Amino acid sequence: MDLQQALSELNLVKDKSNLESFFQKYLGKKWLLNEEFSKIKDASIEEKKVLWAKLSEIKNKLSEEYSQKEAEISIMEINEQLKKDIVDISVNPKKYEWWHFNLLAKTRRDLEKIASNMWFIIDYGHEVVTKYENFASVNIPLSHPATEMHDTIYLQEQSPDWENFVFRTHNSAHQVQDIQKYWVPLKLVSPGRCYRFDDMDATHDVMFQYIEWIYIDKNVSIAHFKNYISTLLSAIIWRTVETRIRPCHFPFVEPGFEIDARYEIIDPKTWETSKSKRIELLWAGMIHPNVLKEWWVDPEQRSGFAFGIGISRLAAIRYGIKDIRYFTNGDLRFIKSF
Ligand code: DAH
């Protein structure tokens, strides 16, 4: 049997069926090689060794070339199939629908517009902050149980001497840096995502959009706060909303308040309206002197207020929606109704 001839035959093989007949001819059960091997038994011992070595070499070479060819052919076949299988993924422009912002994004942008019209600086800060920034910088000592008020998501500890990081639980976390950056008097808003390990329900989510407002100047009082709040709410919510201010404790303010709202829910199917339960809309207060001291601001000279609003709750009130999960669950029926 001639190896060269076999190889040149293999070279001519172009598809699976040729490959199969080549296999039958040379390497299959009735293979030519097999015949050659069977001749060995009639040879003398010396010849046997030589023949065996030669034949084995031919067999190995041939099998190697064969499997290479087999791989080549299957790749060729796949490529040909792919050429036939082309799917037209271009979008039919006629079917493309007019878009609008997600309602949360829209509400956030409108809040930002209102804030800049009121001469507030907008600074987004970082979503990952140090434990110090999230807690101690706003008068929540790290050993204090108040840190538990927020179900914090901690990042894995890096090394014992590193400051440990958390996902910010509120945007108050970078006020300490904002003060260093812009100093007082300061009017600043920081919109963005916050994270809390909460159970999800109609008014809570693990990740939520939040906007924090801070105003520090000489002689800032609760009267300023009330004025800002009422201007802001009437600019952002287009319908009348029943609000209620009640005193509340937060370690970083003195005094602290919470504002609850009751609003009209619209049923998208029947357009009927009903009254919601009261939901907490914003948390606020006059900045605690200890916090000002921590930021190197003299509490005798300056005072200020700060408040934080959950944007999804605000958007729920604005659009009359019962459950904040609608904003992010991607249900097209909901999205298209705005
Ligand atoms: N950071 C508080 C929280 O997320 C909310 C808050 C309370 C923000 C009082 C404020 C404030 O700015 O003054 O629970």
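All of these numbers come straight from a predicted model, not from anything done at the bench.

Visitor: Outline the site of the ligand, listing residues and values.
Guide: Taken together, 15 residues are adjacent to the ligand, and H170, R196, E212, V253 and A306 come closest. In the model, a nitrogen atom of the ligand is placed 2.8 Å from a nitrogen or oxygen of the H170 side chain. In this structure, A306 approaches the ligand through a main-chain N or O atom, which is 2.8 Å from an oxygen atom. Relative to its free-state accessible area of 350 Å², the ligand is covered by the protein chains to the extent of 97%. When contributions to the shell around the ligand are tallied by element, the ones reaching two or more residues are β5 (207–217), β10 (279–287) and β11 (303–310). Here the residues of the shell around the ligand sort into eight nonpolar, five polar and two charged.

Visitor: Describe helix α8 (residues 222–236), naming the residues involved and giving the relevant values.
Guide: The end-to-end C-alpha separation of α8 is 21 Å, in line with the 21 Å expected for 15 residues at 1.5 Å each. Among the residues of α8, F225, Y228, I229, L232, L233 and I236 are the ones counted as buried. For α8, the buried positions fall inside an angular range of 120° around the axis, keeping them on one side. Opposite the buried face of α8, at more than 90 degrees from it, the exposed residues are A223 and S234.

Visitor: Explain the domain arrangement of the protein to me, using residue names and the numbers behind them.
Guide: According to the domain assignment, the protein consists of domain 1 (3–84) and domain 2 (105–335). Between the C-alpha centres of domain 1 and domain 2 the distance comes to 76 Å.

Visitor: Please set out the packing of helix α5 (residues 103–117) against α8 residue by residue, giving values where relevant.
Guide: Interaxial distance between α5 and α8 falls to 10 Å at its minimum, and their mutual angle equals 135°. Considering the angle they form, α5 stands oblique to α8. In the crossing of α5 with α8, the sense of the turn from one axis to the other is right-handed. Residues T107, D110, L111 and I114 of α5 lie in contact with α8, whose contacting residues are L232, A235 and I236. Tallied by class, residues from the contact of α5 with α8 come to five nonpolar, one polar and one charged.

Cut-offs and rules
- Residues numbered from 1 in each chain as written.
- Predicted model: local features only at pLDDT ≥ 70, side-chain atom pairs only at ≥ 80, totals over all residues.
- Heavy atoms only, no water.
- Near = heavy atom within 4 Å.
- Polar contact = N/O pair within 3.5 Å; in protein donor to acceptor, adjacent residues only side chain to side chain.
- Areas by Shrake-Rupley, 256 points an atom, 1.4 Å probe, with all protein chains shown as cover.
- Helix = DSSP H or I, 4+ residues; strand = E, 2+ residues; numbered from the N terminus.
- Nonpolar A, V, L, I, M, F, W, Y, C, P; charged D, E, K, R; others polar.
- Expected span 1.5 Å × (residues − 1).
- Buried < 20%, exposed > 50% of the residue type's maximum accessible area, 1.4 Å probe, protein only.
- Arc of directions from axis to C-beta.
- Domains from an automatic or database assignment.
- Axes fitted to C-alpha atoms, helices over the stretch in contact; angles between N-to-C directions.
- Parallel < 35°, antiparallel > 145°, perpendicular 65-115°, else oblique.
- Left-handed = near helix turned anticlockwise from the far one by under 90°.
- Contact = heavy atoms within 4.5 Å.

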